[in-house]
Amino acid sequence: MSIRELTPEQARERQRRGALLMDVRQAHERAGGMAEGALGVAKDTLLAAPGTHLPALDREIVLICQSGKRSADAASVLGALGYTAVASVAGGTVAWRTAGLPLVQPQMDAADRDFYDRYSRHLLLPQVGEAGQRRLQQARVLVLGAGGLGAPASFYLAAAGVGHLRIVDHDVVERSNLQRQIVHAEAAVGVAKVLSARERLLALNPHVDIEAVQARVSSDNVDALLQDVDVVLDGSDNFPLRYLLNDACIKHAKPLVYAAIERFDGQVSVFDAGRQRGVAPCYRCLFPEPPPPEFAPNCSEAGVLGVLPGLAGVMQATEVLKLLLGMGEPLVGRLLRFDALQMRFRESRVSADPDCPVCAPGVPFPGYIDYAAFCSHQG
């Protein structure tokens, strides 16, 4: 059936004459301002039980949304249900605002208003929405390292509203870090990296909990560091720590988001063997033995383009959010390599090793080893 469309001015006049103006956007959209005098009921809620929210079938009703499409769709459904005087505002709230008609802020407490304003772009995504954003609020992530990878990753995780970040690093900020470790500033030189990171992240989003742990990760404390976290982000820069973190994540069944960088090249993957034995690989499935040191220099020895850890760290943050929200296809069983000089990406499949000494099905956890010795004796 044909739905009558009104200009904002016409809708305002009908409202003055007694028509019921109803805003059918979601609550987070209405938080930015809604037409004065409108009743806020989300489209899905309205159509699920129209008789609960609307008066008699012949009452004049004017629906408004953001741009006019949802309100027109809802008006069409109501018309088919027997409502005889339903109209939609062409151009929606955008046109209402442009016309200079009065807008009001709906009543809500400061915390909800901050939530709806801050995460408004997430809330518009069907894959996230309010339920997903609330889930991020409750999430806990361990970020191992506040350096090149941990800096951009933690920035985006804090901005995204991940409720609790446990950041672990034993080091202090040096001036040579500032070329790439963007969470730190000149004034933080000489300050513990975790404290510098905590200050910057809280300045970005004061509603997240930043747990700063100034410590060197070892077999003695890794179990406690993994306690109560949902995902682990590996921002380490040496093989002994990567193997330790891999083994701990298998022991505690935590997904591990991995990245490594060198000069102009990087790689990213997700290891989830602790939760998917025999299906998802672990770090040891990819690297059963570490390469000799001369074939794997760190950034202080080989150098690194300043933006490179930003690329890898943002990819890691993306994978963390996907895991927390249960959306998309995480990089499980896939290694994504990229060459920043040519800006080329290449993906390789990584299979679970049925003979892996740590993650193979039915293999009991063998315990932590001397990882420094393991790495130094290989090759």
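Scroll up to find the structure.
Residues numbered from 1 in each chain as written. Predicted model: local features only at pLDDT ≥ 70, side-chain atom pairs only at ≥ 80, totals over all residues. Heavy atoms only, no water.

### Considering empty space enclosed by the protein
Over the atoms, a rolling probe the size of a water molecule traces out where space has been left empty. What counts is decided by this rule: Computed over the protein atoms alone on a 1 Å grid, cavities are sets of points where a 1.4 Å probe fits but cannot get out and pockets are open sets with protein on both sides within 12 Å along at least five of seven lines; a residue lines them when it has an atom within 4 Å of a point. Grid points are joined across faces, edges and corners, and a volume is the space filled by probe spheres set on the points. Helical segments are the DSSP runs of H or I of at least four residues, strand segments are the runs of E of at least two, and each set is numbered from the N terminus. Polar here means any residue other than Ala, Val, Leu, Ile, Met, Phe, Trp, Tyr, Cys and Pro, which are nonpolar, and Asp, Glu, Lys and Arg, which are charged; Gly is therefore polar.
Counted according to the given criterion, the structure contains one cavity of 30 Å³ or more. Taken as a whole, the largest cavity encloses approximately 30 Å³ of empty space. Forming the boundary of the largest cavity are Asn-246, Cys-249, Ile-250, Lys-254, Leu-256, Phe-271, Ala-273, Gly-274 and Cys-282. The element that contributes the greatest number of residues to the lining of the largest cavity is helix H13 (residues 239–252), accounting for three residues. Class assignment of the residues belonging to the lining of the largest cavity gives a composition of six nonpolar, two polar and one charged.

### What about the packing of helix H10 (residues 150–160) against helix H16 (residues 308–325)?
In a packed pair of helices, the relevant descriptors are the angle between the two axes and the axis-to-axis distance. The condition is simple: Every angle, taken between N-to-C directions, lies between 0 and 180 degrees, and every axis is a line fitted to C-alpha atoms, over only the stretch in contact when it is a helix. For this classification, under 35 degrees means roughly parallel, over 145 means roughly antiparallel, 65 to 115 means roughly perpendicular, and everything else is oblique. By the definition used in this description, the sense in which the near helix is turned from the far one sets the handedness, with an anticlockwise turn below a right angle giving left-handed and a clockwise turn giving right-handed. Note on definitions: a residue-residue contact is assigned when non-hydrogen atoms from the two residues lie within 4.5 Å.
Interaxial distance between H10 and H16 falls to 7 Å at its minimum, and their mutual angle equals 40 degrees. Of the possible angle classes, the one that applies to H10 and H16 is oblique. Both H10 and H16 take part in a crossing whose hand is right-handed. Contacts between H10 and H16 pair Pro-152, Ala-153, Tyr-156, Leu-157 and Ala-160 from the former with Pro-309, Gly-310, Gly-313, Val-314, Ala-317, Val-320 and Leu-321 from the latter.

### Some words on the pattern of salt bridges
Let me state the cut-off plainly: Any Lys or Arg side-chain nitrogen found within 4 Å of a carboxyl oxygen on Asp or Glu counts as a salt bridge. Throughout, exposure labels follow a simple rule: accessible area from a 1.4 Å probe, protein chains only, divided by the maximum for the residue type, with under 20% read as buried, over 50% as exposed, and the rest as partly exposed.
For the structure shown, the criterion picks out 20 salt bridges. Its salt-bridge partner being Asp-223, residue Lys-251 comes within 3.1 Å of it at the nearest N-O pair. Taken together, the residues span a long stretch of sequence, with Lys-251 in helix H13 and Asp-223 in helix H12 (residues 222–225) at a distance of 28 residues. Look at Asp-223 and you get partly exposed, because its relative accessible area is 26%. One salt-bridge network, in which partners are shared between bridges, spans Arg-4, Arg-14 and Glu-60.

### Some points on unusual backbone geometry
One non-glycine residue, Ala-253, lies in the positive phi region at around 55 degrees. Mapped onto the elements of the fold, Ala-253 is located in the loop between H13 and strand E12 (256–262). A positive phi is found at Met-343, a non-glycine position, where the angle reads about 50 degrees. In this fold, Met-343 is placed in the loop between strand E14 (334–339) and strand E15 (344–349). A residue is classified by how much of its surface remains accessible, and Met-343, at 48% relative accessible area, is partly exposed.

### A few points about the pairing of strand E11 (residues 231–234)
The condition is simple: Here the rule is simple: two strands pair whenever DSSP picks up at least two bridges between them. The definition of a right-handed crossover adopted here requires that, viewed with the strands pointing away, the path from the first strand over the helix to the second runs clockwise.
Across the two faces of E11 the burial is the same, with Val-231 and Leu-233 and Val-232 and Asp-234 all buried. Relative to E11, strand E8 (residues 140–144) runs parallel, the two sharing four bridges. Bridged to Val-143 within E11 is Leu-233. Pairing geometry for E11 and E12, over two bridges, is parallel. Counted as the bridge partner of Val-232 is Leu-256 from E12. What joins E11 to E12 is H13, and the crossover it makes is right-handed.

Function cannot be inferred from these measures alone, as they are strictly geometric.
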